[in-house]
Amino acid sequence: MSKIEDFLTAQEEQEIVSAIRQAEKNTSGEIRVHIENSTKLDVFDRAKEVFHMLKMDNTKQQNGVLIYVAVEDRTFVIFGDEGINKVVESDFWDTTRDAILKEFKKGDFKQGLINGVLKAGKVLETYFPWHHTDTNELPNDISKG
């Protein structure tokens, strides 16, 4: 088995998907989690590439957030679209990273991802509140590379 298959159980993945649904319930923002073994690129560049590959840069309000994890490299990036970067507090990405990292350091990857997803969702609610005409523009599942 590869590291990616050992990273989360099927049950843990479902709990993260549930957290994504919960986080997106009150916002037009889109949150995705992508997990892969490793990357030969700079981790930020790879996250940007995956963001584009998942068509997260096609959201109407440019309000997508990707949590990218390279398991074997033991690293992750939170990547947000331009619409978010224009409005969030300057420490938003750091505090979200810290919420994930705190649990990752304990080996609780599921909880780290859930904490990051929910934190991102709360901030997205503030700047991109849900409106009755909003549609879920992207799948809520965990993508893998």
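To keep things clear, this report deals only with the structure shown in the data block. This structure is a prediction, so every number in the text was calculated from the model and none was measured.

**Some words on helix H2 (residues 10-24)**
And step 1. Taking 1.5 Å per residue, 15 residues should reach 21 Å; H2 reaches 21 Å between its end C-alpha atoms and fits that length.
And step 2. Those residues of H2 that fall on the buried side of the exposure criterion are Glu13, Ile16, Val17, Ala19, Ile20, Ala23 and Glu24. Seen along its axis, H2 keeps its buried residues to an arc of 155°; they face one direction.
And step 3. Where the residues of H2 are buried, they touch strand S1 (30-36), helix H6 (109-127) and strand S4 (142-144).

**A few points about helix H5 (residues 92-105)**
And step 1. The end-to-end C-alpha distance of H5, which contains 14 residues, comes to 20 Å, matching closely the 20 Å that a straight helix rising 1.5 Å per residue would cover.
And step 2. All of the buried residues in H5 are Phe92, Trp93, Thr96, Ala99, Ile100, Glu103 and Phe104. The buried residues of H5 occupy an angular sector of 130° when the element is viewed end-on, so they sit on one face. Away from its buried face by more than 90 degrees, H5 exposes Lys102 and Lys105.
And step 3. Elements that come into contact with the buried residues of H5 comprise helix H1 (3-7), strand S2 (64-70), strand S3 (75-80), helix H4 (82-85) and H6.
And step 4. After H5 finishes, the residue Gly107 shows a positive phi value of roughly 85°.

**Description of the nonpolar core**
Where a protein is soluble and globular, its nonpolar side chains tend to be buried together.
And step 1. With 31 residues, the main nonpolar core has Val33, Ile35, Val69 and Leu113 as its most contacted residues.
And step 2. Elements supplying a minimum of two residues to this core: H1, H2, S1, S2, S3, H5 and H6.
And step 3. Beyond its immediate stretch of four places on either side in the chain, Ile35 contacts Ile4, Phe7, Leu8, Val69, Val71, Ile142, Ser143, Lys144 and Gly145.
And step 4. Counting residues in hydrophobic clusters, the runner-up holds 12 residues, among them Val43, Phe51, Leu54 and Phe79.

**Some points on the side chain of Arg32**
And step 1. In this fold, Arg32 is placed in strand S1.
And step 2. The buried category is assigned to Arg32, whose relative accessible area is 4%.
And step 3. If sequence neighbours within four positions are ignored, Arg32 has contacts with Leu54, Met56, Val65, Leu66, Ile67, Leu138, Pro139, Asp141 and Ser143.

**Structural notes on the pairing of S2**
And step 1. Counting buried residues in S2 gives 7 out of 7 residues, a clear majority hidden from the surface.
And step 2. Burial along S2 is two-sided: Gly64, Leu66, Tyr68 and Ala70 facing one way and Val65, Ile67 and Val69 facing the other are all buried.
And step 3. Bridging between S1 and S2 involves 7 bridges; their strand directions are parallel. Counterpart to Glu30 in the pairing with S2 is Gly64.
And step 4. Considered for its hand, the β-α-β crossover made up of S1, helix H3 (residues 43-53) and S2 is right-handed.
And step 5. Across 6 bridges, the pairing between S2 and S3 is antiparallel. Bridge pairing in S3 places Leu66 opposite Phe79.
And step 6. Counting the residues between successive antiparallel strands, the hairpin from S2 to S3 contains 4 residues, one of them, Arg74, with a positive phi of roughly 55°.

**Considerations on the sheet that holds S4**
Through backbone hydrogen bonds, the strands of a sheet pair up, either in parallel or in antiparallel fashion.
And step 1. One open sheet holds the 4 strands; their spatial order is S3-S2-S1-S4, and the pairing between them is mixed. Since the sheet does not close on itself, it has two edges, and those belong to S3 and S4, each with one partner. Pairwise comparison of adjacent strand axes, ignoring direction, gives a mean angle of 20° for this sheet.
And step 2. Across the sheet, H2 is in contact with S1 and S4; its angle to S1 comes to roughly 155°.

So, how was this worked out
Residues numbered from 1 in each chain as written. Predicted model: local features only at pLDDT ≥ 70, side-chain atom pairs only at ≥ 80, totals over all residues. Heavy atoms only, no water. Helix = DSSP H or I, 4+ residues; strand = E, 2+ residues; numbered from the N terminus. Expected span 1.5 Å × (residues − 1). Buried < 20%, exposed > 50% of the residue type's maximum accessible area, 1.4 Å probe, protein only. Arc of directions from axis to C-beta. Contact = heavy atoms within 4.5 Å. Core = buried A, V, L, I, M, F, W, Y, C linked by side-chain atoms within 4.5 Å. Pairing = 2+ DSSP bridges. Right-handed = clockwise from strand over helix to strand, strands pointing away. Axes fitted to C-alpha atoms, helices over the stretch in contact; angles between N-to-C directions.

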